[in-house]
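# Architecture at a glance
The chain contents come next:
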Amino acid sequence: MFVSRRSRVATLAACATILLATSACGEDKPEEASAQQVRLYGTDGNMLNSYPAELKERASLVDGMKGTTPLVPLPDDFKGRLRAVNPALTDYVYSAETYDAVVIAVLAAQLAGSTDPAAITKQIVAVTNDGQRCEDPASCLALARNGQDIEYRGVSLTRAGFTDKGEPATASYATLTFDGQQINDGKTEFVGAGIESAASTKTPPKPKKQRPGGAADQEPLILGGLLPKTGDLAIAYPPMEAGAALAIKEINAAGGALGKPVTWLDGDDGTNPAVAKATVAKHVTDGVSVIIGAGGSGISRAVLPDVVQAGKILFSPSNTDSSLTDVDDQGLYFRTAPPDSLQGRALADVILRDGSQKIVIVARKDSYGEGLQGTVREELEKAGIANDRLKLLTYEPPADAKAAPVDFSGGAKQIKEFGADAVLIIGFGESAQVIRGLADAGVQIRQ
């Protein structure tokens with residue numbers, strides 16, 4: 001169709017005012033003008049300050065990445081005490097949950113008057129419900145030694161106690177944002193979840209008052225670590241280790257448990273079932289009553305049969321797989337981390353608030369990744385995101401540090417063809433390779 005020169009000038013002027021909103025004006029190449037930008041989202045396994053280092057020279061790819069993690073607003077005093085234990089600390093994820101798991105386990109042993117795991121289990125839920133409220137190891141231990149029922153409220157456990165299943169009835173989640181290559185605390189938002197009335201109301205056995213001087217024939221209480229010193233989740237180890245070390249330090253400064261200092265035996269879960277099983281076996285041989293860990297939900301699921309067979313307690317500060325709520329544990333499994341049934345809602349809300357319409361959820365292929373993936377999908381569908389605007393992908397995490405890296409080239413191609421505007425990556429340190437794959441495939445990551 002013929003267009004006069006004056007009309008063409010007017011058309012170009014109009015196009016100049018809406019250059020960013022259309023691909024129909026000027027001489028832009030259609031594929032460049034319509035290129036889809038993707039927002040990145042993460043979860044508790046990769047929303048840490050240490051995560052960008054996994055990307056090495058391409059660390060800038062996480063700039064603008066958002067995600068959620070179980071986290072309460074941590075008091076500056078608590079952070080300062082953690083840094084006194086580990087001056088190099090840069091993250092605090094699961095530090096409070098680890099601290100509280102250790103404190104609750106010790107208080108339960110004190111109330112039970114025994115290091116026998118069977119006796120301790122009967123007091124763990126009770127430590128958090130329906131007693132004299134206390135908020136630090138010294139005051140709580142003083143009450144427990146006097147045979148007083150207590151209601152512990154610590155750093156992560158602030159609103160309500162444990163359910164009958166041995167997990168928090170309520171939780172706090174933080175929405176974190178990478179600003180550059182660090183999480184910007186000024187952009188962090190907190191949201192509560194859960195129902196306080198879900199906390200247990202069962203009556204525990206009567207607490208045992210400690211005899212003066214303690215029981216001479218009582219063995220010291222031994223706790224064993226099963227934390228991710230190595231493997232894909234090792235990026236989360238420093239704050240967890242600091243939380244455990246701080247708790248033991250403050251417990252023993254307050255007189256220990258059962259009249260003796262509490263002993264801590266370090267142990268690695270390796271983010272690997274074989275490594276974790278070997279650590280559990282050693283802890284059993286060494287007389288550990290309570291094992292604090294594992295880091296990953298899949299690792300806890302793998303070792304739980306061994307723990308149950310040995311009659312020990314597994315108490316995780318970081319397992320979030322919802323299916324662990326009803327795992328066959330003979331009453332020996334507990335956690336201070338909330339189940340992902342709560343985190344899924346928080347994640348869906350974060351993604352939807354950004355206006356995302358075509359969403360891909362990428363998850364490591366294990367109980368944690370696939371469990372949270374399914375929960376987020378359900379929450380997005382409830383919010384009105386149609387099934388054809390959602391895509392689920394998984395990847396096999398490396399078996400160990402010597403294994404071949406994750407090859408996500410095929411998944412990245414699918415994401416590009418799908419035209420996603422949001423990609424949620426559920427994984428640990430190895431999920432950085434997923435982000436590399438996206439960039440290598442030409443997916444434009446929004447920053």
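Parameters and conventions
- Residues numbered from 1 in each chain as written.
- Predicted model: local features only at pLDDT ≥ 70, side-chain atom pairs only at ≥ 80, totals over all residues.
- Heavy atoms only, no water.
- UniProt positions renumbered as here; feature names shortened; annotations may be inferred.
- Helix = DSSP H or I, 4+ residues; strand = E, 2+ residues; numbered from the N terminus.
- Rg over C-alpha atoms; globule rule 2.2 N^0.38 Å.
- Buried < 20%, exposed > 50% of the residue type's maximum accessible area, 1.4 Å probe, protein only.
- Contact = heavy atoms within 4.5 Å.
- Areas by Shrake-Rupley, 256 points an atom, 1.4 Å probe, with all protein chains shown as cover.
- Lys, Arg positive; Asp, Glu negative; His and termini not counted.
- Charge placed at Lys NZ, Arg CZ, Asp CG, Glu CD.
- Salt bridge = Lys/Arg side-chain N within 4 Å of Asp/Glu carboxyl O.
- Axes fitted to C-alpha atoms, helices over the stretch in contact; angles between N-to-C directions.
- Parallel < 35°, antiparallel > 145°, perpendicular 65-115°, else oblique.
- Left-handed = near helix turned anticlockwise from the far one by under 90°.
- Nonpolar A, V, L, I, M, F, W, Y, C, P; charged D, E, K, R; others polar.
- Expected span 1.5 Å × (residues − 1).
- Right-handed = clockwise from strand over helix to strand, strands pointing away.
- Pairing = 2+ DSSP bridges.
- Disulfide = S-S within 2.5 Å.
- Phe/Tyr/Trp six-rings, centres within 6.5 Å; stacked < 30°, edge-to-face > 60°.
- Lys NZ or Arg CZ within 6 Å of the ring centre and 35° of its normal.

You'll find the protein chain entered in an unreviewed UniProt entry as Branched-chain amino acid ABC transporter substrate-binding protein, with Micromonospora arida given as the organism. The heading Sequence similarities (unreviewed entry) in the UniProt record of the protein chain holds the text "Belongs to the leucine-binding protein family."

This part is about the overall build of the protein chain. Tallying secondary structure elements over the protein chain gives 13 helices and 16 strands in all. Its C-alpha atoms give the protein chain a radius of gyration of 25 Å, near enough to 22 Å, the size a compact globule of 447 residues would have. Taken along its principal axes, the extent of the C-alpha atoms in the protein chain is 105 × 45 × 40 Å. When burial is assessed residue by residue, the protein chain has 53% of its 447 residues classed as buried. A separation threshold of at least 6 residues defines the contact pool for the protein chain, and within that pool the share at least 24 residues apart is 72%. When the accessible area of the protein chain is evaluated, it comes to approximately 19100 Å², of which 50% is carbon and sulfur surface. A distance of 2 Å separates the average location of the 45 positive side-chain charges in the protein chain from that of its 55 negative side-chain charges.

As a further point, take the pattern of salt bridges. The final tally for this structure, using the stated rule, is 24 salt bridges. Note that D286 is salt-bridged to K282, the shortest N-O span being 2.8 Å. Relative accessible area serves as the criterion here: at 53%, K282 is assigned to the exposed category. For R345, the salt bridge is made with E379, and the minimal N-O distance between the two is 3.7 Å. Residue R345 is located in helix α10 (residues 340–353), and its partner E379 is located in helix α11 (residues 367–382); the two are separated by 34 residues in the primary sequence. The class of R345 is partly exposed, set by a relative accessible area of 44%. Among the residues examined, E379 registers a relative accessible area of 16% and is labelled buried. One connected set of salt bridges, linked through shared partners, spans D232, R364, D366 and E430.

Put simply, G293 and A294 share a cis peptide bond, and its omega is -5 degrees. Position of A294 relative to the elements: it lies in the loop between β10 (290–293) and α9 (297–309). Notably, Y94 is not glycine yet its phi reads approximately 70 degrees, a positive angle. Positioned with a positive phi, D130 is a non-glycine residue whose angle comes to about 50 degrees. In this structure, D130 sits in the loop between α5 (117–127) and β3 (132–134).

A separate point is the packing of helix α4 (residues 95–112) against helix α6 (residues 137–145). Following both chains from N to C, one finds α4 and α6 inclined at 15 degrees, their axes separated by 9 Å at the closest point. Taken together, the axis directions place α4 and α6 in an arrangement best described as roughly parallel. Relative to α6, the crossing made by α4 is right-handed. Mapping the contact onto sequence places Y99, V103, V106, L107, Q110 and L111 in α4 and P137, C140, L141, A144 and R145 in α6. For the contact of α4 with α6, the class distribution of residues is nine nonpolar, one polar and one charged.

Let us now look at helix α7 (residues 237–253). Helix length check: α7 (17 residues) gives 24 Å between terminal C-alpha atoms against 24 Å at 1.5 Å per residue, within 8%. The set of residues buried in α7 consists of Y237, P239, M240, A242, G243, A244, L246, A247, I248, E250 and I251. For α7, the elements touching its buried residues are α3 (76–85), α4, α6 and β9 (263–265). Looking one or two places after α7, you find G255, whose phi comes out positive at around 105 degrees.

Once that is clear, we can look at the pairing of strand β11 (residues 313–316). The side-chain alternation of β11 yields two buried faces, one formed by I313 and F315 and the other by L314 and S316. Note on the crossover from β10 through α9 to β11: the handedness is right-handed. Relative to strand β12 (residues 333–335), β11 is paired through three bridges, and the arrangement is parallel. From the neighbouring strand, L314 faces β12, where its bridge partner is Y333.

Bringing α5 into the picture now. With eight of eleven residues buried, α5 is to be regarded as a mostly interior element. Every buried residue belonging to α5 is among P117, I120, T121, Q123, I124, V125, A126 and V127, and all of these are buried. Contacts made by the buried residues of α5 are with α4, β4 (150–152), β10, β11 and β12.

To continue, consider the state of the cysteines. Evaluation of the coordinates by the stated rule reveals one disulfide. Residue C134 pairs covalently with C140 via a disulfide, S to S 2.1 Å. Taking the sign of the S-S torsion, about 115 degrees here, the bridge from C134 to C140 comes out right-handed. Of the two residues, C134 and C140, both sit in the buried class.

Here the focus is the environment of L221. Position of L221 relative to the elements: it lies in the loop between β7 (189–194) and β8 (222–226). Taking the relative accessible area as the measure of exposure, L221 reaches 1% and is therefore buried. For the pair L221 and A160, spaced 61 residues apart in the sequence, the C-alpha separation amounts to 27 Å.

Applying the stated criterion to the full structure yields four aromatic pairs. The interplanar angle of 80 degrees and the centroid separation of 5.4 Å between the aromatic rings of F78 and Y99 together place this pair among those described as edge-to-face. Of the two residues, F78 is situated in helix α3 and Y99 in helix α4; the sequence distance between them amounts to 21 residues. By relative accessible area, which is 1% here, F78 ends up buried. Overall, Y99 belongs to the buried group, its relative accessible area being 2%. Ring-pair connections join several aromatic residues into one group, and the members of that group are F162, F315 and F334. Above the face of the Y92 ring, K79 is positioned so that its terminal group lies 5.3 Å from the ring centre. A cation sits over an aromatic face here: K358 above F418, 4.3 Å from the ring centre.

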